[in-house]
Amino acid sequence: MSRIRKIVCLLCALILCLSMLSGCGAGDEKTNKKVVMTVGEYDINHDELMLYCILELLSGTMTYQDVVADEAKYKQQVLDSLVKTKMLNDAATLEKLEFNKNDEETRDRLIDNFTSYVPKDVLKKYGISEEVVKSVFQDTSVMNKLSNDTKNEMGKSLNEKYLEEFKDYNFQRIYYVTFPKVEADEEGNPLITEEGTYVMLDDETRAAKKEDAEAAVKEINAGADAKEVAKKYGVDAYSEEKSCYVGGYSSDMNDIMANLKAGQCTCVYETDAGYYFIAVLSDHDSELLESFAYEYASIMVDEEYNKQEEEWIFTYEDKGGVNFKDNTWKEFSLLDMATYLNEKGLMQ
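Since the model is a prediction, treat every value here as computed from it, not as a measurement.

Reading the values: the criteria
Residues numbered from 1 in each chain as written. Predicted model: local features only at pLDDT ≥ 70, side-chain atom pairs only at ≥ 80, totals over all residues. Heavy atoms only, no water. Helix = DSSP H or I, 4+ residues; strand = E, 2+ residues; numbered from the N terminus. Rg over C-alpha atoms; globule rule 2.2 N^0.38 Å. Buried < 20%, exposed > 50% of the residue type's maximum accessible area, 1.4 Å probe, protein only. Contact = heavy atoms within 4.5 Å. Pairing = 2+ DSSP bridges. Axes fitted to C-alpha atoms, helices over the stretch in contact; angles between N-to-C directions. Patch = residues over 30% accessible without salt bridge, like charges linked within 9 Å, V, L, I, M, F, W, Y side chains within 5 Å. Areas by Shrake-Rupley, 256 points an atom, 1.4 Å probe, with all protein chains shown as cover. Salt bridge = Lys/Arg side-chain N within 4 Å of Asp/Glu carboxyl O. Polar contact = N/O pair within 3.5 Å; in protein donor to acceptor, adjacent residues only side chain to side chain. Parallel < 35°, antiparallel > 145°, perpendicular 65-115°, else oblique. Left-handed = near helix turned anticlockwise from the far one by under 90°. 1 Å grid on protein atoms, 1.4 Å probe; cavity = no way out; pocket = protein on both sides within 12 Å on 5 of 7 lines; lining within 4 Å. Points joined across faces, edges and corners; volume = space filled by probe spheres on them. Nonpolar A, V, L, I, M, F, W, Y, C, P; charged D, E, K, R; others polar.

When you go through the protein chain residue by residue, the secondary structure sums to 14 helices and seven strands. In terms of overall size, the protein chain is more extended than a compact globule, its C-alpha atoms giving a radius of gyration of 34 Å where 348 residues would be expected to give roughly 20 Å. Dimensions along the principal axes, computed over C-alpha positions, put the protein chain at roughly 125 × 50 × 35 Å. Counting the 348 residues in the protein chain, one finds 36% classified as buried. The long-range fraction of contacts in the protein chain, counting pairs at least 24 apart against all pairs at least 6 apart in sequence, stands at 74%.

Here the focus is the sheet that holds strand S1 (residues 35-39). Two orientations exist for strands paired in a sheet by backbone hydrogen bonds: parallel and antiparallel. Taken in spatial order, the three strands of this open sheet run S2-S1-S7, and their pairing is antiparallel. Strands at the two margins of the open sheet, each flanked by one partner only, are strand S2 (42-45) and strand S7 (322-324). Recorded for the sheet is a direction-independent mean angle of 25 degrees between the axes of neighbouring strands. Note that S1 and S7 share three bridges and pair antiparallel. Within S7, the position partnered with Met 37 by the bridge is Phe 324. Along the sheet, helix H3 (residues 46-57) makes contact with S1 and S2, crossing S2 at roughly 80 degrees. In the packing of helix H5 (residues 71-94) onto the sheet, contacts are made with S1, S2 and S7, and the angle to S2 comes to roughly 140 degrees.

A grouping of Ile 192, Tyr 198 and Met 200 is seen on the molecular surface, where their side chains present a nonpolar patch of about 260 Å² in accessible area. For Met 200, the position within the fold is in the loop between strand S3 (171-180) and helix H9 (203-221). Judged by relative accessible area, Met 200 falls into the partly exposed class, the value being 36%.

Counting through the fold element by element, Ser 239 comes out in the loop between helix H10 (226-232) and strand S4 (240-245). Look at Ser 239 and you get buried, because its relative accessible area is 13%. One polar contact links the side chain of Ser 239 to the main-chain carbonyl oxygen of Val 235, over a distance of 2.8 Å. Not counting residues within four places of it along the chain, the set of residues in contact with Ser 239 comprises Tyr 175, Tyr 176, Val 177, Thr 178 and Ala 230.

Helix H8 (residues 130-165) packs onto helix H6 (residues 101-117) with a crossing angle of 130 degrees between their chain directions and a minimal axis gap of 10 Å. It follows from the interaxial angle that H6 and H8 lie oblique. Considering how the two elements wind past one another, H6 and H8 form a crossing that is right-handed. Contacts between H6 and H8 involve Asp 103, Arg 107, Leu 110, Ile 111, Phe 114 and Thr 115 from the first element and Val 133, Lys 134, Phe 137, Gln 138, Ser 141 and Lys 145 from the second.

The next subject is the pairing of S1. Burial of S1 is extensive: four of the five residues sit out of reach of the surface. Between S1 and the antiparallel strand that follows it, S2, lie two residues; Gly 40 among them carries a positive phi value of about 60 degrees.

The subject of this paragraph is the layout of surface pockets. When its volume is computed, the largest pocket comes out at roughly 420 Å³. When grouped by side-chain class, the residues that make up the lining of the largest pocket number nine nonpolar, seven polar and one charged. Taken as a whole, the second largest pocket encloses approximately 300 Å³ of empty space. Within the residue set of the lining of the second largest pocket, elements represented by two or more residues are S3, S4 and strand S6 (274-282).

This part covers unusual backbone geometry. For Lys 96, which is not a glycine, the phi torsion comes out positive at approximately 55 degrees. Overall, the relative accessible area of 70% leaves Lys 96 in the exposed class. If you check the backbone angles, His 284 has positive phi at about 45 degrees while not being a glycine. One can find His 284 in the loop between S6 and helix H12 (286-313). By relative accessible area, His 284 is classed as exposed at 54%.

Here you go:
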């Protein structure tokens, strides 16, 4: 074989070797853009799947030790997150969600935060390009906007509903005034013996406390300010303002509180720790009604939204479900990725 021919053969072999090596690398475009699964009607490429894994590992919903203990559970969590994002993007399209300039700026800040926190070599290792990051963050931003907008609309509707539903309730601001029968520390907490019983005041002092409580009730019913009376008798540290509505008290107190108006008191009651009465500061309080309706709506909106979100998510079954195109996901080790990110100091 001539010298020139040997050189040509060597060059061809070298080129073939380099092409084979580039085909196996984490940054290979063909590998990264390979469709490894479908979610509903969406093709999921290898690089996109890897980014979802990283985002889930860094989301704060799991620690490195969690993944060590149950890798399969958290692989499923990645898939659930991917399905949710895609299906809520479908829902956003159906709901004609408008993604405005402020939303774009919020998305871009999230991208900047992510790329500032996650080193470039991490993204390069898993073949994740800038374009993929932008695409995935666009999807997650649309999902979050849909969630927030839907909750806001539900919250307004529920708030109006509860304002109407509870408009005839008698909401009251009340003041629990307590005259202690026991010794207390500087913060007003009852002192307890080693046997677990209260350190009681002597009989004479307790009797005086009861007389003071009864005198205080008379003063408030005669028009005195309840809080000022509590200060006068030195029991404001043991007293507390609260709010409630008639129907929300204990069964034996509802009838009593229903008959009281602002500026009136219950009689004096006795407990193991002291004598107390309840002064009504306001009745049929519209501000309390509004506050109660808002808080109740805030609690219920999550329940209502979760129902709606489940309906959106489970549309993936009618759109083809989740299908794996090869063994990429089966053979992928989320634990190895978590270990790598943990060594980089990125995981909790």
